[in-house]
Amino acid sequence: MANVRTLQRSFGGGEVTPEFFGRIDDVKYQTGLATCRNFIVLPHGPITNRPGLEFVREVKDSTKKTRLIPFTFDVDQTFVIELGAGYFRFHALGATLLDGGVPYEITNPYAESDLFDIHYVQSADVLTLVHPNHAPRELRRLGALSWALTTISFASSLAAPTGVSASASGGTGTTYRYVITAVGEQSLDESPVSASASCSGDLFATDAYNTITWSAVTGAQRYRVYKQSNGLYGYIGQTDGVTFKDDNIAANIGITPPEPSNPFDSANNYPGAVTYFEQRRCFAGTLNKPQNIWMTRSGTESNLSYSIPSQDDDAIGFRVAAREASAIRHMVPLTSLVLLTSAVEWRVSTINSDAITPSTVSVRPQSYIGASNAQPVIVNNNLIYAAARGGHVRELAYNWQASGYVTGDLSLRAPHLFDGLTIADITYAKSPQPVAWFASSSGKLLGLTYVPEQQIGAWHQHDTAGDIESVCCIPEGHEDALYVVVRRDIDGSSVRYVERMRPRAFDALEDCFYVDSGLTYEGAPADEISGLDHLEGETVSILADGAVHPKRVVTGGSITLEVEASKVHVGLPITADAKTLPLAIELREGGFGQGRQKNVNKVWLRVYRSSGIFVGPSETALTEAKQRTTEPYGTPPSLKSEEVPVVITPSWGDGGQIVVRQTDPLPLTIASMSLEVAIGG
């Protein structure tokens, strides 16, 4: 039979499971890959090999797991927090925050076993941290080298007024009792009540009045005065001074002083979930009350006081009535507040009101899947989280037809990356590509190129010489930088490094960074590169002034080059593989070529700014694409942005699959692939 040509114009389906190889009817089959290793799927279809991981610093104690969490004040002030057993350290722009030449750090009470169960939320310079075994705390940035971790006080920031006294101007026979509260800026915070003061008089007498006085409170803008009526103290007025005249004002017992409350005052009563929603800080999931939620007074951070009868701005507390006593693990603010438990996804909304108040709370189940303890991420208005069981990754999004939130399995076509495993950590990078990153218990870094409004969801897997244990993204410049904690075996020892994925954008070939745990030398031409102690005994890849240099073994923390170079990238080698799916070709005989032997004779790769390309029918039979044409001797081959033909080693088989590999520290972007295939009987 004559040869046929095929064209794969997109790789937007990402990697799919071998169990999917029979689904040639699925649209993802036309754009999918059997292997997408150390390649990133771009939203518009091409694949590009991932940039390298730049070495930042070894963690404080490599014998213990360490977690990374983001601290983002705004897009210009961001840090990665190294959360270790008993300490915090801080990193930004690929460097560590130093104080006197040593890493700046502060202490924390958390053990290694606590780290990945800590949940957090940030507001400006305050990061709230919760764990069911520890009192909730705030990490505050007070200055560049001044950070503080404090236990949250769930009370008003204002002290109760003192020195309260009352005096009557006329009449006798009736005892009047008063209490005072201090009110903060914008009337958002109200102090506990003062001690009561009383006087005897008769306010029904002509020109009679009572005078109440008290001492000023620091931070108070005004003071509210309450008078006892029928056993309750009711509101009678307010003033910005420290005296008040009551000339028989009727007490409004519909407005009473706040009642203080602190449900998190002892062991087993510490929350495990936290977020912000509708101007309230919300807590949930204690060991004693796993399905309860507490929301602060509107506009306050930690005031959980309430009034009798309740007011709209009071603190809110309620229990989710459910069939199972599954603890609330996460609270996520979307258009509604979404609760994720170990068995159910809930939606907290309002009844007969636009704002959430103590009397308008409504809780409705949305699905019955459940979430793991890995903190979820928000993408646009969608929620990505790890399922409680099975290890899969799911999305939760609002569906107008269902009038609620609907969940779906994002791992449906790639279960081989998740079955029997768990997701330890999740983060999301918005730029330059929208990719959700996952630290898998397999030690691999999993990426999901995710654009929900375009129905794009493509998986790609990434490995390195070690295990990825934690991931974190923060804005840095015009891109979101991915930081990871990697456990590596170096020179006979197990170490853990903080590393940062370098931006892929480059102006010249010598700027390309495609090595892991790498460092860059830039300066006067040199043939000895030192400062590589963290890679002692390892075989490293080298890019010297844009040219691939033969690999070297790090000895004594340094390597020696064959020629001097002024810009050198050194690090662990990266192998990037892209393997196509078994061919499905429409033939006159039908059957889409299934059950027929196939041999790929020639491959045309449409590449963009690429170099160092190897192609073949398998990982062990690769042919290098010859790229050097008119470049001067002694200079590296130019990057190609064209269709590159490669005649490969012939190999008959039932799949007709092709492997494209990049082992050099060079860029490779594949836009499309065309094959010339011989079809046998």
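Look a little higher up for the structure.
Read on for a plain summary of the structure. (Residues numbered from 1 in each chain as written. Predicted model: local features only at pLDDT ≥ 70, side-chain atom pairs only at ≥ 80, totals over all residues. Heavy atoms only, no water.)

The strand order across the open sheet formed by four strands is β14-β15-β16-β17, and the pairing between neighbours is antiparallel. Two strands in the sheet have a free side with no partner beyond their single neighbour: β14 (119-123) and β17 (146-151). The average undirected angle you get between the axes of adjacent strands in this sheet is 20°. Both β14 and strand β15 (residues 126-131) contribute to a ladder of five bridges, which runs antiparallel. Its bridge partner being in β15, Tyr120 is matched across the sheet by Leu129. (Pairing = 2+ DSSP bridges. Helix = DSSP H or I, 4+ residues; strand = E, 2+ residues; numbered from the N terminus. Axes fitted to C-alpha atoms, helices over the stretch in contact; angles between N-to-C directions.)

This part covers the environment of Leu410. Within the secondary structure, Leu410 is located in the loop between β36 (404-409) and β37 (423-429). We classify Leu410 as buried; its relative accessible area is 16%. Taking C-alpha positions, Leu410 is 8.8 Å from Ile384, a pair spaced 26 residues apart along the chain. (Buried < 20%, exposed > 50% of the residue type's maximum accessible area, 1.4 Å probe, protein only.)

A separate point is the environment of Ser672. Tracing the sequence through the fold places Ser672 in strand β55 (residues 669-679). For the pair Ser672 and Pro46, spaced 626 residues apart in sequence, the C-alpha separation works out to 7.0 Å. For Ser672, the residues in contact, after removing those within four places along its chain, are Leu7, Gln8, Arg9, Phe11, Trp604, Leu605 and Arg606. (Contact = heavy atoms within 4.5 Å.)

With that settled, the discussion passes to the pattern of salt bridges. In the structure shown here, the tally under the stated rule is 28 salt bridges. For Arg23, the salt bridge identified is with Asp26, shortest N-O distance 3.8 Å. Its relative accessible area of 38% is what places Arg23 among the partly exposed residues. Assessed through its relative accessible area of 10%, Asp26 is described here as buried. For Arg487, the salt bridge goes to Asp489, with nearest N and O atoms at 3.2 Å. (Salt bridge = Lys/Arg side-chain N within 4 Å of Asp/Glu carboxyl O.)

Quick look at the nonpolar core now. Residues Ile47, Val603, Leu605, Val615, Ile658 and Val660 are the most contacted members of the largest nonpolar core, which totals 31 residues. Breaking this core down by element, the ones donating at least two residues are β3 (32-37), β4 (39-41), β48 (576-580), β49 (598-607), β52 (643-647) and β55. Setting aside residues up to four positions removed in sequence, Val615 forms contacts with Val603, Leu605, Ala621, Leu622, Thr623, Val646, Ile648, Ile658, Val659 and Val660. (Core = buried A, V, L, I, M, F, W, Y, C linked by side-chain atoms within 4.5 Å.)

Read from one edge to the other, the open sheet built from four strands follows the order β29-β30-β31-β32, with strand pairing classed as antiparallel. The open sheet is flanked by β29 (328-333) and β32 (361-367), the only strands paired with a single partner. For this sheet, the mean inter-axis angle between neighbouring strands, taken without regard to orientation, is 25°. Across five bridges, the pairing between β29 and strand β30 (residues 337-341) is antiparallel. If you follow Val332 over to β30, its bridge partner there is Val338.

Here the amide bond leading from Ile308 into Pro309 is cis, since omega sits at -5°, within 30 degrees of zero. Residue position: Pro309 is located in the loop between β27 (292-295) and β28 (316-319). Residues Ser431 and Pro432 are joined by a peptide bond in cis, for which omega reads 5°. Looking at where Pro432 falls in the secondary structure, it is placed in the loop between β37 and β38 (435-440). The phi dihedral of Gln279 falls on the positive side, at around 65°, and the residue is not glycine. Mapped onto the elements, Gln279 comes out in the loop between β25 (273-277) and β26 (280-284). Given the relative accessible area of 62%, Gln279 is considered exposed.

In this section: the packing of aromatic side chains. Aromatic rings considered in pairs are described by the distance between their centres and by the relative angle of their planes. Considering all chains together, one arrives at 16 aromatic pairs under this definition. With a centroid separation of 5.4 Å and 90° between ring planes, the pair formed by Phe79 and Trp147 is classed as edge-to-face. Of this pair, Phe79 sits in strand β8 (residues 77-84) while Trp147 sits in strand β17, placing them 68 residues apart in sequence. In terms of burial, Phe79 and Trp147 fall into one category: buried. An angle of 55° between the planes, with centres 5.4 Å apart, marks the rings of Phe264 and Phe283 as tilted. In this pair, Phe264 sits in the loop between β24 (243-246) and β25 while Phe283 sits in strand β26, placing the two residues 19 residues apart along the sequence. In this pair, the class of Phe264 matches that of Phe283, namely buried. Here a set of aromatic residues connected by ring pairs shows up, and it is made of Phe71, Phe79, Phe90, Tyr104 and Trp147. (Phe/Tyr/Trp six-rings, centres within 6.5 Å; stacked < 30°, edge-to-face > 60°.)

Below, the discussion takes up the environment of Gly656. Along the chain, Gly656 falls in the loop between β53 (652-653) and β54 (659-662). On a C-alpha basis, the gap between Gly656 and Ala584 in space is 9.2 Å, while along the polypeptide they are 72 residues apart. In this structure, Gly656 is in contact with Thr580, Leu583, Lys598, Val600 and Leu675, ignoring residues within four places of it in sequence.

To continue, consider the pairing of β25. Counting buried positions over the five residues of β25 gives five, a clear majority of the element. Neither face of β25 is open: one carries Ala273, Thr275 and Phe277, the other Val274 and Tyr276, and all of them are buried. Examined bridge by bridge, β25 and β26 share five bridges and lie antiparallel to one another. Note on β26: the bridge partner recorded for Thr275 is Cys282. Connecting β25 to the next strand, β26, in antiparallel fashion are two residues, including Glu278 with a positive phi near 50°.

So, about the side chain of Thr464. Note that Thr464 resides in the loop between β40 (456-462) and β41 (467-476). Overall, Thr464 belongs to the buried group, its relative accessible area being 16%. A polar atom in the side chain of Thr464 sits 2.9 Å from the side chain of Arg488. Only 2.8 Å separates the side chain of Thr464 from the side chain of Asp516, close enough to count as a polar contact. Not counting residues within four places of it along the chain, the set of residues in contact with Thr464 comprises Arg50, Val486, Arg488 and Asp516. (Polar contact = N/O pair within 3.5 Å; in protein donor to acceptor, adjacent residues only side chain to side chain.)

This brings us to the side chain of Arg496. For Arg496, the location among the structural elements is in strand β43 (residues 493-501). The buried category is assigned to Arg496, whose relative accessible area is 8%. At 2.7 Å, the side chain of Arg496 forms a polar contact with the backbone oxygen of Ser62. Within the local environment of Arg496, its side chain forms a polar contact with the side chain of Glu469, the two groups lying 2.7 Å apart. Excluding residues that lie within four positions of it along the chain, Arg496 makes contacts with Glu58, Val59, Ser62, Thr63, Lys64, Lys65, Glu469, Val485, Val486 and Arg487.

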